[in-house]
Structure formats: structure tokens, C-alpha cells
Amino acid sequence: MSLLTPLYVLGALAIAGPILFHLIRRRPQGEVRFSSLMFLKSTPPTLTRRSRLDQLLLLALRAAALGLLALAFARPFFRQAFELGFDQVERSQVAIVIDTSASMRRGDLWPRAKQLAAKVIEEAGPNDDIAIYSFDHRPQVHFSLAESAALEPGQRQSLAKSRINDLEPGWGSTVLGQALVEVAADLHENIASANKEVQSAKRIVLISDFQEGSNTNALNTFEWPSDVELDVKSIPFDSSNAGLHLLAKTLESGEDESSQALRVRVTNSRESKDEQFRLIWRDEDQREVGYPTSVSVPAGESRVIRIKKPETLSGAFSLVLDGDSQTFDNTLHFAAETPSSGSILYVGSEAANDVEGHLYYLARAFEASSGDQLELKASDPTDPIAFTNVRLTPLIVLVAPTTTSNHQLLSDYLTSGGTVLVVMASAELGATVSAITGDKADVVREGEVKTDVMLQEIDFKHPLFAPFAAAQYNDFTRVRFWRYRDWDVSQLPGFRVIARFEGGDPALVDKQIGKGRLYVLTSGWTPQDSQLARSSKFVPLLSGLVNQRDSVSKILGLEVMSPILLSREGSGRVTILKPNGDLRSLSSNEAPFTETDQPGIYRVNSDQREQLFAVNVHPAESRTDPLDIAEIEQLGCRLIGETDPAVVQEQLRQMRNAELEGRQNLWRWLIAFAIVVLICETWLASRRAQPRSLEVVA
Amino acid sequence: MKSLFRGRPEQPRSEGDARTRNRHTASMIDPQTLMRIKSLQARARVVVEGFVTGIHRSPYFGFSVEFSEYRQYSSGDDTRYIDWRLFARSDRYFIKRFEDETNLRCTIVLDTSRSMSYGSGAYSKIEYARTMAATLAYFLTTQRDAVGLITFEDRVIDVLPPRHRPGHLRRMLSILERPPEGRNTDLIRPLEEVALTVRKRGLLVIISDFLAPIDALRSRLGYLKSRGHDVVVFRTIDPVEFSFDFQTPAMFFDVESERDLYIDPALAREEYKKQFSEHSRGLEQACADFGIPFSLVSIDQPLELVLFDFLKSRSTPLGRRTLVRRSNH
């Protein structure tokens, strides 16, 4: 017989208690009054030979009860073999979470991480479920628990290993918290086996370089499941690293925007051995351009450097930090902004300084939108409309009826991909629209307005109104219209109402014509017609019309794995050439492009026009100083401490013993027997108890 | 009746004493019977009358409190004090000398503390002491002496100055019948207070169990004596206090200090007896040193014997007074 908790046997020493009490003369319950105790001293209780002979049976019962209790607490069991069914064997669930962020590209970190993962897989029991997760900016499942459970025990490890081998480090940032939260939740919710009596240990093995730049925010609001333990496998590595990052572009006083000075930050880790670096401009073919800039950044500090781009650089180029041994975050890619150069054609007869006319406001609207190098050209309606091609004239604004020849020109312009905005300043323009679109002429009359009307039923999904979709921008109630033209487009094919006036009359409609798009505003923005020109929505709306054709809405400040919204006009197919040469095409309109999974220059081709955007490594990845593991523990994760093999062996032995003991449950019988003995003892003691009296011989 | 002292067989001082005592004890009243009489005055009367009846048959006839001595007449003596009856019998002139009859002021000092409330038998030491005080007061009153009473516990409780007037005895008895409050004993402080209270020289009869440290007792008794008082000491002791005849180990509760002690009498008895004897010896020696008559009274002893001892202590000339005792010292 073996004992699970042998120290409890020491409790049997309590048997000495009853023996001692049997030997000690009983302390009398009664009390004797006496005049004075000044001549007396207390007598210690003494052992008497007579009392030892008393109540031997009672003594034996009491000793037996104590002995049985001590033995029961010691949890005895017999060592014998048990046949366990497959589902009765304890099966743990091990989720291996491996860091594939950009910082794992340093040195031999990645091969060591894979080796560590393989070792963890080998150490897992054959019956254990294994899951493989990787994470950078978000976790990914490569081998799920369900998949593992469906496999034969022998196949799990080999498949898990092959999945590990397929993994490669990415360029993303380290969002450690979110990964842990999702994996822990997966483990917690997963039911190990049908047999619920079998304990199932759930363990996350986290393999990472634990860099300081890891984002653990998600753990702040997460309650770590009590049944999931986190085993942290940190890969120690020389954290010497310097990083280069672009800062937001700000104009300082006295600085001209055209100076093209860029602000970059050079960071250096605390453990860094290097202090002297050089910033080198390289063109698209990696040729060095201009002169290098020397930068001295002491270890643990960072410096912001204003650096001027060489005039000769355009298109795609890069700034490289030279002097750092870890190169993964040393290159800053740039794609030069390509301003929407060209002109906007105004077709109307209003004077440029006529505050009652449309042109006056149109000119100011495009002045206000900086960044676009657009020129506003006014053209008389009777003159032929002059545009070289669609790219150079992205928008034509028509505010007055024009000639029939111009109708055809506009139609051609639209078909080739242009955008025409017809401002229906008067009812006669209805015929012009019909002429351009080739539809049946419809009657346009003045709308009935009592005092004023507002816009309603605005289609915020339309690219034109999409920037206003957010709650803080979608208030159009301050834009009042005094006059509008009532034009029923319901019978006209292809027209879509983007916004309506109160009462349901269309305010803004559009129609796809060829590759281009025709917009018709049934009112105007002159003070006689509406407050539109004076509202804050005016400029963004007009800019939206122009930018409809820009494939890249944001070209700077992109980090790896940031989604980018590529808005496209028409059904034009957009192809994206990734830095590694992969070609991706986006067919569905307005879907954000999310495969910005590597730093470099992305080339977006649409409509025979190429746009570039640059993607860089997340700045947090450069913070390679080691993260204090205690911080993870402080966030509530249940960490498994470092284990000594001997301790593990001992724990295993204890677990086996506990398993055997749990099956035999001898202690229950012992407790039951002890209770029976105690009942006998109580009965016997009550039978033998006799009232004692104190006898005083006076 | 049980033997007087179980542990210590009584040894009479002389053969004559023993004969007298035996004859007396035979006709005396058993204290147990006496204590059944509820009225303290009745008890006193029973004792005194029995004693007086017996005294006529006793060789101690003629003892009187007030009588002092005869002295042969010499010239210059006041002829008023010549005992003419004696002259008639003896044809010699004798001057009859008296203790100052009207000035015999006896104050009974009674200990009513908690330790006195102990009694192994049907009555306690305090019951016996009260009867003893009442008997003495009754006897002295019948002798036309002034009797006073002081009771004390940890301090003096009642003070009744010595008087001889109608109703005085009744007042005294009513004080004696009052149940004691049962506070701690502090023999030392009350004896000092007694010395300050009783300013006029007189007879002080102290009835107590004297369960207090000997040194303090010795100094206070000496103090009383030094103030010119005649002091007579009666120590009332329960027979069990002599013998410690308990059989079973038990928790002993000290009625005096309310302490508990676990005591196995079989083990503690010898030590107790030794200590008790030493204490008794010390007290007797102190009394002997100051010429104070000391009577050790077991409370199962007939009260007449106490009266006998008292009178005997008074009969002895001052300079030759010896310790009246029943022990075999």
C-alpha cells in the first residue's frame, strides 16, 4: 500500500493524546470551598498507575478512530495497473502561438523559433491536441484544435510540424494581446473530449522574441480563462537595433511646402552597440542619390531629422539607414505624390467676379483644395468645348445650355471616362441633358418651394457622399435651397438619384455613360438658388467629383497590413503590383486592398494610369528591447513558471498516484469505519460514565 | 460529639484540669444543638446560665471580673475599703482591692470577613464566633460591666462603644445578628482602626481566625497592647482547617481571595499541616511575647469552655498571666 499524502500519517501521533488523558487523573468538575489557600500550593495533575488500567477498551477505540482518520487523510492506495480507455487518458490541449512579426526576421530568430515549436510538439503527449497559431498584426490559425482532434494521435505531431515548417515571418507589427485573447478564447471554448470527467489541461505555448513594441492592449479588458495556462518561450536575442520611420508632414512657420523636407525619426535600442548612422537616398533601382546624411543617435534614444529629398528623385525612391546590423526596419519607401494636375472646364457665361454666379464660387472652391494642381478654365457655352484628354480635364461643369456640337463633344468626353456636372441653373438645361445622354426630352419646370427645402434621402454609399457618411459630417440640414428645377428622372433609363429634396424631387442624379459619369444638380449654388456654396460641404463635394478618378486616395503614411481604399471609376479593372512582384487584381468596387503585407512600393494600375503607394514597417517593430514577461502576468495571464525536469518528473509521479488513489478511494471506507468506531466509543463512554462526587471527611 | 481536635489529640495541662474539663464537658451544651437556637440572645443566655450553674460547683468559685486582690491593711489606707467580713472571720484587717468596676470597659472585636464564613459542619466559624461574642456580652452585662462591639471585615464595619445601660445588649445582639457582607479580610487595617477608635483603656476581646501573615499580626497586636489595652485573643478554627481531611483531588476555591487551585489533598496535606502549625505557633508566640492571653477555639467546642478560658485569663494576675491554651505546646 502506498500513501498519496504520507505526511498526514503523522496525525496518528494524536493517539498519544487519549493515552495521556487516560493516564492523567481526571480534573474534578466539582469545587471545594475553603477558608484560605494561604497554606496551599497547586498540585500538578499526576499520572497514576490506577487510571492507566482504566477503560482500556475506550482507549483502544479512541486510538483506532484517530489512527483511521490519520490514515484516511494520508490517502492510501494500492499500486496496481489500470486499463484505461483511449478517452479516459488525460489529454491536454496545446496551442502553439508563434510570432511572425517583422522583428522575428532578425538574425537566426526565426529558425530558432521553429526549432522551439518543433520541440514543444515533440514534448506533447501522443493524445494531446495541438493547435498552431501565428500572429503579427492579427492571429492566424494554421492547425486548429478541431483539425487536430479529427486526426489519429500519431498523425497530429507530424502534421503540426509540417505546418510550422510552412510558416515564414511576415512584416507586420506585433499585436500580442489580441493574439493571446483570441487563442485563449478558442481554447477555453473548446471542449476537449466527450468524457468530461477526464481533466483536460489547456496550455498556450507562446514563442516570440518579446520585443518592447508588442501591443498588449487587448489583454487589459480581457478576463483570462481560469483553465488556460500560458507557457512563455522567449527567444533571447541581441536586441541591438536601429530603426527609421517617417513622421507626419507638418509645415512650420516660414517653410514653404515646396521645400520637400521630410521629417524622419531614427531610433536606437537600449542595447544597441552602434551610434553612428548614415541616411542614404536611393532611387528605384537602389542607386545611391545625393549625399549621405550622418546621424548620431546614442543607445536608447531617438532623433528626429529633417532631411531634404534630392530634386532628382521622383516616383518611387527610398531612404536607407546605414550602419545598423538589423536591416529589416532600415528602409523607408516613398512614392512621390502625383498631384491631380490638369484643368477643370467651366462651361457658362458668368463673369469670374460675379458673386451671383456659379463661376465665382467654383473658382474659390478649387483654390481652397490644396494639393491638387488643377486649373479652372472658363469656356463660353457657344464656344466649342476644348479638352485634350480625359486625364488632363477630369471635370467639366456645365451651367448654361450649349450648342449641339458641344453636346456631342460632352457625350464623347463622358464615354471616354470624363465626369460632367450639369448644374441646372435654369429649366432649359433639361433639354441639354437629354441631348447629351440621348434620352427622350423631358419637361423640366421650376420646383415648388414655399420658403426653402433641404436635402433628404442622401445616398451616403455613393462615392460622392461616402466621405460624409460619419455621424459628425452627415448633417445637411443647414444647406437650404430656395429654388430648384423639378425634373422627373424616374422614367429615364440609367439615372440614379443620389439625393432628393424634401417632397421627393431629385436633387442630384448621376448616370454612367461609357466610362464616364454624368452628374446633374437640379439646383445651383448661387445665392439665389441655395446656400450650398457657402456650406462646408461644397468643397468636399467638388473635390469628390475630381478625385473620382484617383486610384489611390492616400499614398503616404501607410504601414504594413494597413488596408487601403482604392476607389475606382467605372468598371475599370485595377491591378496592383506588389513589391515582391506578385500581381493582384481587384474586381469588386470599393473593396479595400488589404494585402499590404510587405514594405515597399505598390504599383496600382487602372485606366492605363499608374499610381504608386509606399508601405513601410510599423514603427513599433523597431522597439526591439526585451519586454518584461512580468508585464504579461500583470495583465492577468496565468503563466507557467520555469520547471525543473526533476520537479516535472515528481509532478508526473504525483499525478499518477493521485489518479490511482482517485480510482480506489480507500479513504472513504476508512472515514466510514472511523465514524463507526466513534459511534461505538460514544455509546461505551456514555454507558460507563458515572456521576462523581467529592467526598470531604469533616 | 466529635473529638475536639482530630489531628492533634488534646493533652490537658494537668491532671486536675483534665478532671475539671471532663466533668464540665459532660454537662455542657453541644454547640451543634446550641446553634439550632435561632435567637442569639437565647443562645447566650443558655450558655451563661449553664455556666453559672456549673460554676458554683466548680473550684473556680469566686472568680470575678471586678475583684482584684486582698491586701493587708497598713496605716494610711482608707478605712472604707477594709473588708469587715473577712476581719470577722480572720480577725485581721484586709483592704479589698477591686478592678475599677465601673471602668471595666470590654470591647469585643469580631472578625466577620469571608474566611470566617467557612464551616465544614452544620455551622460556620462566623456563626460560632457571633454566639461566642453574644455569650461574652451577655455574661459581662449580667456582671454589670460595660460592653462594646466592633465588627470588621477589610475595615471596621460597626462600632458600638462599651456601655452598661438598658437596651445596650439588645443593640449589640442586633448588630451581631446582622448577616455579614462577606468582604475580604484585612486584619491589619481594622486592628489599626480599632486602636484609633477605642481610645479609653479597656479590655479588647478579639475573635478572629487570624488567617493573615504573622509578622503583620504581631506588629498590630503589639500596637494595641502598647496603647494600654488588655487584649484577649480567641482564634476560631474549623476542625478541618486543622486536619485538612479532604480525600478527593478537587479544585479548591478560596472564599477569601476567590482563587481556584487544583489540589490533591493526599499530596498537599502534610505541607498544609506543617504550614498551618507554623502559623499557629507564630501567632501564639506573638501573643506570649506581648502577654496576651490566647485561646485556640475549635468551633465544635462547647462555648462554656470559651467562657471558662476567658474568665481564667482574667483571673491571672497581670504580671503572671500565662497563655491559656489547649495545645500540647
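Caption draft 1: Structural context of the overall build of chain B. A tally of helices and strands in chain B yields 11 helices and 10 strands. Split into buried and exposed, the 329 residues of chain B put 53% on the buried side. Contacts spanning at least 24 positions in sequence make up 75% of the contacts within chain B whose residues lie at least 6 apart. Accessible area of chain B: about 15400 Å², with a carbon and sulfur share of 48%.

Caption draft 2: Region of interest: the side chain of Asp77(B). Residue and element names in this part refer to chain B. If you trace the backbone, aspartate 77 turns up in the loop between strand 1 (67-72) and helix 4 (84-90). Relative accessible area serves as the criterion here: at 18%, aspartate 77 is assigned to the buried category. In this structure, aspartate 77 is in contact with Arg71, Gln72 and Ile95, ignoring residues within four places of it in sequence.

Caption draft 3: Broad picture of the pattern of salt bridges. Enumeration over the complete set of coordinates arrives at 41 salt bridges over all chains. Among the salt bridges present, the one from Glu457(A) reaches Arg500(A), with a minimum N-O distance of 3.4 Å. Taken as a pair, Glu457(A) in the loop between strand 21 (455-456) and strand 22 (485-487) and Arg500(A) in strand 23 (residues 495-501) lie far apart in primary sequence, 43 residues in all. The exposure class of Arg500(A) is partly exposed, given its relative accessible area of 24%. Residues Arg43(B) and Glu127(B) are paired through a salt bridge, measuring 2.9 Å at the closest nitrogen-oxygen approach. Of this pair, Arg43(B) sits in helix 3 (residues 40-55) while Glu127(B) is found in helix 5 (residues 125-142), placing the two residues 84 residues apart along the sequence. Residue classification places Glu127(B) among the buried positions, given a relative accessible area of 18%. A single network of salt bridges, built from pairs that share partners, joins Lys578(A), Asp582(A), Arg584(A), Glu595(A) and Asp597(A).

Caption draft 4: Examining the sheet that holds strand 12 (residues 288-296) of chain A more closely. All names here are of chain A. Strand order in this open sheet of four strands is 12-11-14-15, and the pairing throughout is antiparallel. Of all the strands in the sheet, just strand 12 and strand 15 (331-335) have a single pairing partner and so form its edges. Recorded for the sheet is a direction-independent mean angle of 20° between the axes of neighbouring strands. With six bridges joining them, strand 11 (residues 276-283) and strand 14 (residues 316-322) adopt antiparallel strand pairing. Along strand 14, the bridge assignment pairs tryptophan 281 with leucine 319.

Caption draft 5: Representation of helix 9 (residues 404-415) of chain A within the structure. All names here are of chain A. For helix 9, spanning 12 residues, the distance from its first C-alpha to its last is 17 Å, which sits close to the expected 16 Å at 1.5 Å a residue. Along helix 9, the residues classified as buried are Asn406, His407, Leu410, Ser411, Tyr413 and Leu414. Down the axis of helix 9, the buried side of the element spans an arc of 160°, and every buried residue falls inside it. Where helix 9 is buried, its residues touch strand 18 (395-398), strand 19 (419-423), helix 10 (429-437), strand 24 (506-513) and strand 25 (516-521). Positive phi appears at glycine 417, one or two residues downstream of helix 9, with a value of about 115°.

Caption draft 6: Spotlight on the side chain of Asp136(A). Residues and elements named next belong to chain A. Its place among the elements puts aspartate 136 in the loop between strand 5 (129-135) and strand 6 (139-143). Put simply, aspartate 136 is tucked away with no salt bridge, and the nearest opposite charge, on arginine 138, sits 6.0 Å away. Among the polar contacts made by the side chain of aspartate 136, one reaches the side chain of histidine 137 at a distance of 3.1 Å. Non-local contacts of aspartate 136, meaning those with residues more than four positions away in its chain, are made with Thr100, Ser101, Gly172, Ser173, Thr174 and Val175.

Caption draft 7: Structural detail: the confidence of the model for chain B. Residue and element names in this part refer to chain B. In the predicted model, chain B carries a mean pLDDT of 76, and the fraction of residues at 70 or more is 78%. Here residues 1-23 is modelled with pLDDT under 50, and outside its nearest four sequence neighbours on either side it reaches 36 contacts, counting other chains as well. Counted against residues more than four places away or in other chains, residues 56-65, with its pLDDT under 50, gives 15 contacts.

Caption draft 8: Main features of the packing of aromatic side chains. In total, this model carries 34 aromatic pairs over all chains according to the counting rule given. Centre to centre, the rings of Phe468(A) and Phe476(A) are 5.4 Å apart; their planes meet at 80°, and the pair counts as edge-to-face. Residue Phe468(A) shares its accessibility class with Phe476(A), and that shared class is buried. Every member of this aromatic cluster is reached through a ring pair, and the members are Phe34(A), Phe39(A), Tyr118(B), Phe242(B), Phe244(B), Phe246(B), Phe252(B), Tyr272(B) and Phe276(B). The ring of Phe476(A) has Lys537(A) lying over it, and the distance from NZ or CZ to the ring centre is 5.1 Å.

Caption draft 9: A nonpolar patch on the surface, seen in detail. Residue and element names in this part refer to chain A. Nonpolar side chains collect at one region of the surface, where Leu7, Leu10 and Leu13 lie side by side and expose about 360 Å² of accessible area between them. Note on placement: leucine 13 falls in the loop between strand 1 (2-3) and helix 1 (16-23). A relative accessible area of 62% places leucine 13 in the exposed class.

Caption draft 10: Representation of the sheet that holds strand 2 (residues 31-34) of chain A in the model. A sheet is described by the order of its strands in space; here three strands give the open sequence 2(A)-8(B)-9(B), paired in mixed fashion. Looking at the sheet topology across the chains shown, the edges are occupied by strand 2 of chain A together with strand 9 (260-263) of chain B. The average angle at which neighbouring strand axes cross in this sheet is 35°, direction not considered. One ladder, built from four bridges, connects strand 2 of chain A with strand 8 (residues 250-254) of chain B; its direction is parallel. In the strand pairing of strand 8 of chain B, Val32(A) is matched with Phe252(B).

Quick notes on the rules
For every chain, the first residue of the written sequence is number 1, and numbering continues from 1 along that sequence. Chains carry letters from A onward and ligands carry numbers from 1 onward, assigned in written order. Thresholds applied to this predicted model are a pLDDT of at least 70 for local features of residues and 80 or more for the giving and counting of side-chain atom pairs; totals over whole chains, interfaces and linings are not thresholded and use all residues. The side-chain numbers reported here are obtained from all heavy atoms of the structure, hydrogens and water having been left aside. Elements are defined by DSSP. Helices are runs of H or I of four residues or more, strands are runs of E of two residues or more, and each kind is numbered from the N terminus. Per-residue accessibility, obtained with a 1.4 Å probe over protein chains only, is compared with the maximum for each type, and a residue is labelled buried under 20%, exposed over 50%, and partly exposed between these values. Contacts are residue-level and defined by heavy atoms, with any inter-residue pair within 4.5 Å sufficient. Residue-level accessible areas treat just the shown protein chains as cover; the underlying method is Shrake-Rupley with a 1.4 Å probe. Between Lys or Arg on one side and Asp or Glu on the other, a salt bridge is scored when a side-chain nitrogen of the former is within 4 Å of a carboxyl oxygen of the latter. If DSSP finds at least two bridges between two strands, the strands pair. Working convention: axes come from line fits to C-alpha atoms, limited for helices to the stretch in contact. Angles between N-to-C directions cover 0 to 180 degrees. A helix is expected to reach a length of 1.5 Å times the quantity of its residues less one. Of all possible arcs, the one meant is that of the directions from the helix axis to the C-beta atoms. Neither His nor the chain termini are counted; the positive set is Lys and Arg, and the negative set is Asp and Glu. Polar contacts here mean pairs of N or O atoms no more than 3.5 Å apart (in protein, one a potential hydrogen donor and the other a potential acceptor; neighbouring residues in sequence count only if both atoms are side-chain atoms). What pLDDT conveys is the predictor's confidence in a given residue, as a value from 0 to 100. Pairing of aromatic side chains requires ring centres within 6.5 Å, counting the rings of Phe and Tyr and the six-membered ring of Trp. Pairs whose planes differ by under 30 degrees are stacked, by over 60 edge-to-face, and all others tilted. A positively charged side chain is recorded as over a ring if its NZ (Lys) or CZ (Arg) lies within 6 Å of the ring centre. The angle to the ring normal must also be within 35 degrees. Here a patch means residues that are over 30% exposed by relative accessible area and free of salt bridges, tied together within 9 Å if like-charged and within 5 Å if nonpolar (Val, Leu, Ile, Met, Phe, Trp, Tyr).

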